Amino acid sequence: MSFVYPLGLLGLIGIPILIAIYIIKNKYTEQVVTSTYLWTLSERFLKKRLPINKLMGIISLILQIIAVLFISLAVSQPVLFIRNAAHDYCFVLDGSGSMNIERDGVTRFETAKGEISAVINNSMKGSAYTLVFVGNTTDRIFEGITDKERALTLLNDVSASYTVAGYTDAIGVAQNYFNENTSVLTYLVTDKSFKDSENVNVINVSSKEENYAVYGGSAEDGNDDGYRISCNVVDDKLEVSAYVMSYESDAKLTVELYVDGAEEAADTRTVDVVKLQPTEVVLTAEQNNYQSVKVVIVEEDSLSYDNQITVYNVQYENSYTVLLVSDEPSIFVEAALQSAGNAIVSKVTAREYKRDEDAYLSKDYGLFIYESCTPESLPRNSAVWLLNPTASVAGSGFALQDEVDLGTGGTIKLKFNTSTSSVVKKLTESMSRDERGYSGITVANKYQQCRLYNSFTTLLYAGGSPVVFAGTNDYNNREVVFAYDVHWSDSALLTDYVILFRNLLNFTFPNVIENTLTYCGNTLEISVPANCQSIRVDSPEGNVNYLDPTSAVCELALSEVGTYVITLSTGDNSREYSVYSYLPSEESVPTEESELSFSLEGEAGNKRRNGIYDDLLAIFILLAVVFAADWVVYCYEQYQLR
């Protein structure tokens, strides 16, 4: 026997104190008084009926001492050790997406936690508990805990994920525990079927629940099984093709299409679906463009997370606004902006712009293109293109010097930068060049020599002078400069110009997100635009996270099913991007017959822990009896003294 709180035995000091009080307390003195014969006779009869009257005082003392003794023992909490009665337990809990499947309002995950709780509650005190959770990652929730209540509290706080669970790390963790103690009892609580489970107790919580799904996948996320959701404009109508699945039985499913967040369905179709056979459904809407489309299965089932998928238009998400300031816009510029597809262009003449320059600068344009004119000042929060600038402008990072004029009939051939840097390669990608490194683009008559102050990347040279270069200006905004008049270039080489302009547009406005539809558990890459000050991420469940805006590319781990909203702030402006994270299709399967293996190598031992018995109920019952007995004696004494 040992004591959890041995200082509680200090209460035994009360025993000698009680004895001292008993010794020094006042004694009642008997005195003979005049009485009648009847009183004397009744007193003699009373003494004969109560022979223990003289022992009442000592009995009360003994009961009080026993009470103090038991109170001290209760406070010190004695525990009894029972040899070889407890175990070490290692629980591996499956937290994959399929564990969210419900039956009678209870998820598989809650059932799994109930199974673990039952094992813990039925185990002998003194056992040690370890919980390994397999979800987005493999985590040790607690390790070697001997407190049942603490273990149950930590278990209750665990939630299922929405990803595919990988068991490799979990097997490694469980194997390490088994190597340290071959007597550990390992439990795997899951809804998956395992072919091999040596030295592991598998508790399967799956059952045949009905489940339907919009089959996840798209060309964007690399799904190559052919069952992809796609959106196309056919005959001036939006056509959405998706696949639906029934995992447990044949079914007749109603599928609805919602466009751009509308509350009413744009189209509804009913399809017959054969069990485990992806079935295509084509839905249409009377419009030739879209921001988002949502495909929904109307019928209810055991897992709601895979009953719908939302697709956001990548071009719309990465669209930008352009203000083109020019009296006579070049065909090359307009063709490049038109081919970009996601540029929303407004045009204004140089005179109109100069007359109300402050008003234009205050508007939320992503790019200002100045062609054959120069502004008084550059925008502070927007990208800038200067095509054939007419004067130097403060903050641009370069200055105009001499003009080179070859006279009538002269032509200038532009030479590529010979640098092998990835930036130069990317900005000149797919452009034609000859064996000496000259571009097919020629410039007639003249160009401007420029002196560069900032670290621009030069793409094309003329006579050793940079004439096409890109970088950032003094306001940390992306800037592109053409130091010649593109009107007087070789119009026969329109293709090269369109390619160059599109490369430069991609440099100016890199796609912040490449995919708007991907599976839960994947990592999303976010390209950070220049001058970005903050990146806020709102998850489908309302969690808010902030990413580092100082890096060129941020990564976001998708761990929830639904729409992530990514807000990028630049100065006073902000832009939202939406990405839908869907449940992986393999997690939609209610019961999976697999070839999975979860086995621990080695021979199981039989070494156990000492169990602990610390149930104080019997002690407190005895203590209550003692107090009751003492109270009876006290009351009887008081009655006799009346």
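Residues numbered from 1 in each chain as written. Predicted model: local features only at pLDDT ≥ 70, side-chain atom pairs only at ≥ 80, totals over all residues. Heavy atoms only, no water.

S.K.: Just checking my understanding: could you explain the overall build of the protein for this structure?
M.R.: When helices and strands are tallied, the protein shows 13 helices and 38 strands. Residue pairs at least 24 apart in sequence account for 68% of intrachain contacts in the protein once pairs closer than 6 positions are excluded. A total accessible area of about 33,200 Å² is found for the protein, and carbon and sulfur atoms account for 50% of it. (Helix = DSSP H or I, 4+ residues; strand = E, 2+ residues; numbered from the N terminus. Contact = heavy atoms within 4.5 Å. Areas by Shrake-Rupley, 256 points an atom, 1.4 Å probe, with all protein chains shown as cover.)

S.K.: Can you walk me through a negative patch on the surface in this structure?
M.R.: The grouping of D235, D236, E239 and E280 at the surface amounts to a negative patch. Inspection of the secondary structure assignment puts E280 in strand β16 (residues 279-285). (Patch = residues over 30% accessible without salt bridge, like charges linked within 9 Å, V, L, I, M, F, W, Y side chains within 5 Å. Salt bridge = Lys/Arg side-chain N within 4 Å of Asp/Glu carboxyl O. Lys, Arg positive; Asp, Glu negative; His and termini not counted. Charge placed at Lys NZ, Arg CZ, Asp CG, Glu CD.)

S.K.: Whenever I open this one, the pattern of salt bridges confuses me. Can you help?
M.R.: For side chains of opposite charge, pairing can occur when their charged atoms come near one another. Scanning the entire structure with this criterion turns up 13 salt bridges. Linking K237 and E286 is a salt bridge whose minimum nitrogen-to-oxygen distance equals 3.3 Å. Taken together, the residues span a long stretch of sequence, with K237 in strand β13 (residues 237-246) and E286 in the loop between β16 and β17 (292-297) at a distance of 49 residues. Judged by relative accessible area, which is 35%, K237 ranks as partly exposed. With relative accessibility at 65%, the residue E286 sits in the exposed group. Across the pair R536 and D538 runs a salt bridge whose closest N-O atoms are separated by 2.9 Å. (Buried < 20%, exposed > 50% of the residue type's maximum accessible area, 1.4 Å probe, protein only.)

S.K.: How should the packing of aromatic side chains be read in this particular structure?
M.R.: Geometrically, a pair of aromatic rings is defined through the distance of the ring centres and the angle of the planes. Counted by the stated rule, this structure contains 21 aromatic pairs. Ring centres of Y353 and Y370 lie 5.4 Å apart, and the angle between their planes is 75°; on these two criteria the pair is classed as edge-to-face. A residue pair is termed long-range when its members are at least 10 positions apart, and Y353 in helix α9 (residues 350-355) and Y370 in strand β21 (residues 367-371) qualify at 17 residues. The exposure class assigned to Y353 is buried, which follows from its relative accessible area of 3%. The exposure class assigned to Y370 is buried, which follows from its relative accessible area of 1%. Following the ring pairs from residue to residue traces out a cluster consisting of F332, W385, F482, Y484, Y497 and F501. Above the plane of the ring of Y258 lies K294, whose end atom (NZ or CZ) is 5.3 Å from the centre. The ring centre of F507 lies 5.0 Å from the NZ or CZ of R478, which sits over that ring. (Phe/Tyr/Trp six-rings, centres within 6.5 Å; stacked < 30°, edge-to-face > 60°. Lys NZ or Arg CZ within 6 Å of the ring centre and 35° of its normal.)

S.K.: Where do I start with the state of the cysteines in this structure?
M.R.: Linking two cysteines covalently through their sulfur atoms gives a disulfide. Under the definition given, this model contains zero disulfides. Just so you know, C532 is unpaired, no disulfide at all, and the nearest cysteine sulfur is the one on C554, 7.9 Å from it. By relative accessible area, which is 11% here, C532 ends up buried. (Disulfide = S-S within 2.5 Å.)

S.K.: Can you help me understand the pairing of strand β6 (residues 128-134) in this one?
M.R.: Looking down a regular strand, the side chains alternate between one sheet face and the other. The buried fraction of β6 is high, at seven of seven residues. Of the two faces of β6, the one carrying A128, T130, V132 and V134 and the one carrying Y129, L131 and F133 are both buried. In this sheet, β6 lies alongside strand β3 (residues 88-94) in parallel orientation, the contact comprising seven bridges. If you follow V92 over to β6, its bridge partner there is V132. (Pairing = 2+ DSSP bridges.)

S.K.: Looking at this structure, how should I read the sheet that holds strand β18 (residues 308-312)?
M.R.: The antiparallel open sheet is built from four strands, whose spatial order is β15-β14-β17-β18. Among the strands making up the open sheet, the edge pair consists of β15 (267-273) and β18. In this sheet, adjacent strand axes meet at a mean angle of 20° when their direction is disregarded. Bridge count between β17 and β18: five bridges; the pairing is antiparallel. Looking at the pairing, V295 lines up with I309 of β18. (Axes fitted to C-alpha atoms, helices over the stretch in contact; angles between N-to-C directions.)

S.K.: How should I be thinking about the nonpolar core in this particular structure?
M.R.: With 59 residues, the main nonpolar core has I369, W385, L414, V467, F482, Y484 and L504 as its most contacted residues. In terms of residues, this core owes the most to one element, helix α12 (residues 494-508), which gives six residues. The contacts of I369, once residues within four sequence positions are left out, are V322, L323, L324, V325, V333, L337, W385 and L387. In terms of nonpolar packing, the next biggest core, distinct from the first, is built from 34 residues, Y162, L253, L517 and Y582 among them. (Core = buried A, V, L, I, M, F, W, Y, C linked by side-chain atoms within 4.5 Å.)

S.K.: Quick question: what am I supposed to make of the environment of P16 here?
M.R.: Along the chain, the position of P16 falls in helix α1 (residues 14-24). Here P16 falls in the partly exposed class, since its relative accessible area comes to 49%. Along the backbone, P16 and I65 are 49 residues apart, and their C-alpha atoms lie at a distance of 8.8 Å.

S.K.: Whenever I open this one, the sheet that holds β6 confuses me. Can you help?
M.R.: Adjacent strands of a sheet form backbone hydrogen bonds with each other and so pair up, either parallel or antiparallel. Across the sheet, five strands lie side by side as β7-β6-β3-β8-β10; this open sheet has mixed pairing. The sheet terminates laterally at β7 (138-145) and β10 (201-204), the two strands that pair on one side only. Taking the axes of each pair of neighbouring strands and ignoring which way they run, one obtains an average angle of 15° across the sheet. Where β6 meets β7, five bridges bridge the pair, whose relative direction is antiparallel. Across the sheet, the residue bridging to V134 is T138, located in β7. Sitting on the sheet, helix α5 (residues 148-156) is in contact with β3, β6 and β7, with an inclination near 170° to β7.

S.K.: Please explain the packing of helix α4 (residues 108-122) against α5 as it appears in this structure.
M.R.: The contact between α4 and α5 brings their axes to 11 Å, and the two run at 175°. On the basis of their axis angle, the class for α4 and α5 is roughly antiparallel. Contact with α4, carried on its side by K113, I116, S117, I120 and N121, involves K148, A151, L152, L155 and N156 of α5 and no other residues of that element. Per-class residue counts for the contact of α4 with α5 are five nonpolar, three polar and two charged. (Parallel < 35°, antiparallel > 145°, perpendicular 65-115°, else oblique. Nonpolar A, V, L, I, M, F, W, Y, C, P; charged D, E, K, R; others polar.)

S.K.: Even after reading the chapter, I still don't get the environment of G464, so can you show me in this structure?
M.R.: With respect to the element layout, G464 can be found in the loop between β27 (457-462) and β28 (465-472). Sequence-wise, G464 and L414 are 50 residues apart; in three dimensions their C-alpha atoms are separated by 9.5 Å.

S.K.: Where do I start with helix α6 (residues 168-180) in this structure?
M.R.: Since the α-helix advances by 3.6 residues per turn, residues separated by three or four positions end up pointing in the same direction. Given a rise of 1.5 Å per residue, 13 residues ought to cover 18 Å, and the 19 Å separating the end C-alpha atoms of α6 matches this to within 8%. Buried residues in α6 make contact with β3, β6, β7 and β8 (185-190). (Expected span 1.5 Å × (residues − 1).)

S.K.: Sorry if this is basic, but what is going on with the side chain of N307 here?
M.R.: Within the secondary structure, N307 sits in the loop between β17 and β18. For N307, the side chain forms a polar contact with the side chain of D301, separated by 3.1 Å. Ignoring anything within four residues of it in the chain, the contact list for N307 reads N211, Y212, V214, V295, V296, I297, E299 and D301. (Polar contact = N/O pair within 3.5 Å; in protein donor to acceptor, adjacent residues only side chain to side chain.)

S.K.: Help me understand unusual backbone geometry in this model?
M.R.: The phi angle of most residues is negative, glycine excepted, and most peptide bonds adopt the trans form. Positive phi outside glycine occurs at D260, with the angle close to 55°. Looking at where D260 falls in the secondary structure, it is placed in the loop between β14 (251-259) and β15. When its relative accessible area of 37% is taken as the criterion, D260 is described as partly exposed. One non-glycine residue, N476, adopts positive backbone phi at about 65°. Inspection of the secondary structure puts N476 in the loop between β28 and β29 (478-482).

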